[in-house]
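Observations on the three-dimensional arrangement
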Amino acid sequence: MLASILLAVSLAQAETPDSTWLWTHVALGGGAFPSGAQLDARASVRTPLYETHSFLLADNYAGAGLRAAVTPAYFTGGPRLSIAPVAFFDMDLSGSVVRYFHTPFGPLPFDQLGSGKPDAARALRGDESFADTAFTAAAEPTLKAQVGPVVAFDAWTVEVRHTQKVDGITSPWVYEPYWDLVIAWDDVIIEQQGAVMGMIWKGDGIDRKLWIGATVRHHWAARSTDSSLVVGGVLLARLGHHTLGGPQLIVQVLPYVLDDADMKAGPPNVQAQLSYDFDTPFKR
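Residues numbered from 1 in each chain as written. Predicted model: local features only at pLDDT ≥ 70, side-chain atom pairs only at ≥ 80, totals over all residues. Heavy atoms only, no water.

Before going further, it helps to examine the overall build of the protein. Helix and strand content of the protein: two helices and 16 strands. Burial statistics for the protein: of 284 residues in total, 44% are counted as buried. When contacts within the protein are restricted to residue pairs at least 6 apart in sequence, long-range pairs at least 24 apart make up 62% of them. (Helix = DSSP H or I, 4+ residues; strand = E, 2+ residues; numbered from the N terminus. Buried < 20%, exposed > 50% of the residue type's maximum accessible area, 1.4 Å probe, protein only. Contact = heavy atoms within 4.5 Å.)

Quick look at the structure:
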């Protein structure tokens, strides 16, 4: 997931502007086991919902905008709605069109579950990849808590998706590169990720930031039943004072506990992301 959930939790710790503003986010990320890279850009017009002096209700807002991302395997884009009615809960709702490229990194047909998902196995079948289009709708609720220098979150994603079936392909399953899951052509993907992190440097405003902790992530496809469970460490850092409030670095090292396809002892899933975020108030 390239740490997008963790980034949202980090941003929620900052004070939101007191009038309507433009929030923009640009991130470049990469991963290994499975390998991947992604350029992600988001823009949203946000406005506070109400004024409050309660810390439990602070940083509330509602917003609407667009997101676009490109990887070696696909391009995706679509609208996003965001709401944070209280300090400890937020929700994103989104719809996307995903256009997969005909590259060795794209989708692959699968006749059965349980084998052929690792990078090396898929590379041998690179010529079977195909261009395709998928449509998705997702809800992403997140619960957050903070006690002193310790922050925790529990985040969910529920994504309903339809992948167009390509002429000549009769396989009942397809490999989806973003989720690293073998799924049905029409499927529901569910992800849960939780973490507990210590704030060594809290990183208010544009100050330096260092959060370190542990995280667990489980995702699965409802129809195909393919799933993956990882447990590991996570780091969020901004190592110097910067007038633009970034870049922020997020690194996750996630050894596999469970993977329904080719479960073997091996290297962990590693993800790293650099990002910039801007809050630009509109003139009154």
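Glancing now at the pattern of salt bridges. Two side chains that carry opposite charge are able to pair once their charged atoms sit near each other. Tallied over the entire structure, the rule returns ten salt bridges. Measuring nitrogen to oxygen at the nearest pair gives 3.0 Å for the salt bridge that ties Arg 67 to Asp 40. Separated by 27 residues along the polypeptide, Arg 67 in strand β3 (residues 61-70) and Asp 40 in strand β2 (residues 36-47) bring together distant segments of the chain. For the pair shown, Arg 67 and Asp 40 are each scored as buried. (Salt bridge = Lys/Arg side-chain N within 4 Å of Asp/Glu carboxyl O.)

Below, the discussion takes up the side chain of Gln 248. For Gln 248, the position within the fold is in strand β14 (residues 248-254). At 2.7 Å, the side chain of Gln 248 and the side chain of Lys 209 are in polar contact. (Polar contact = N/O pair within 3.5 Å; in protein donor to acceptor, adjacent residues only side chain to side chain.)

Let us now look at unusual backbone geometry. In the segment running from Phe 33 into Pro 34, the intervening peptide bond is cis, with an omega of 5°. Note on placement: Pro 34 falls in the loop between β1 (21-32) and β2. A positive phi is found at Asp 180, a non-glycine position, where the angle reads about 55°. Structurally, Asp 180 is set in the loop between β9 (173-176) and β10 (181-184).

Two elements, β1 and strand β16 (residues 269-281), share twelve bridges in a ladder whose sense is antiparallel. Within the sheet, the bridge partner assigned to Trp 21 lies in β16 and is Pro 281. Of the pairings in the sheet, the one linking β1 to β2 comprises eleven bridges and is antiparallel in character. The residue bridging Trp 23 from the neighbouring strand is Ser 44, located in β2. Counted between consecutive antiparallel strands, the loop separating β1 from β2 contains three residues, among which Phe 33 sits at a positive phi close to 60°. (Pairing = 2+ DSSP bridges.)

In this section: the sheet that holds β9. Strand order in the open sheet made by the three strands is β6-β9-β10, with antiparallel pairing throughout. Each having just a single partner strand, β6 (108-110) and β10 make up the two edges of the open sheet. Each strand axis lies, on average, 40° off the axis of its neighbour in the sheet, ignoring direction. (Axes fitted to C-alpha atoms, helices over the stretch in contact; angles between N-to-C directions.)

Take the nonpolar core next. Judged by nonpolar contacts, Val 151, Phe 153, Ala 155, Ala 195, Met 197, Met 199, Trp 211, Val 234, Leu 236 and Ile 250 together constitute the single largest core of ten residues. Every element with two or more residues in this core is listed here: β8 (150-163), β11 (186-201) and β13 (227-238). Formed by nine residues, the second largest nonpolar core is a distinct cluster that contains Phe 130, Ile 169, Trp 179 and Leu 181. (Core = buried A, V, L, I, M, F, W, Y, C linked by side-chain atoms within 4.5 Å.)

To continue, consider the packing of aromatic side chains. Within this structure, the stated rule accounts for six aromatic pairs. Look at Tyr 74 and Tyr 178: their rings are 6.4 Å apart centre to centre, the planes differ by 85°, and that puts the pair in the edge-to-face class. Of this pair, Tyr 74 sits in strand β4 (residues 74-86) while Tyr 178 sits in the loop between β9 and β10, and the two are 104 residues apart along the sequence. Here Tyr 74 falls in the buried class, since its relative accessible area comes to 5%. Relative accessible area serves as the criterion here: at 26%, Tyr 178 is assigned to the partly exposed category. Relative to Phe 278, the ring of Tyr 276 has its centre 6.1 Å away and its plane inclined at 5°; by these criteria the two rings are stacked. (Phe/Tyr/Trp six-rings, centres within 6.5 Å; stacked < 30°, edge-to-face > 60°.)

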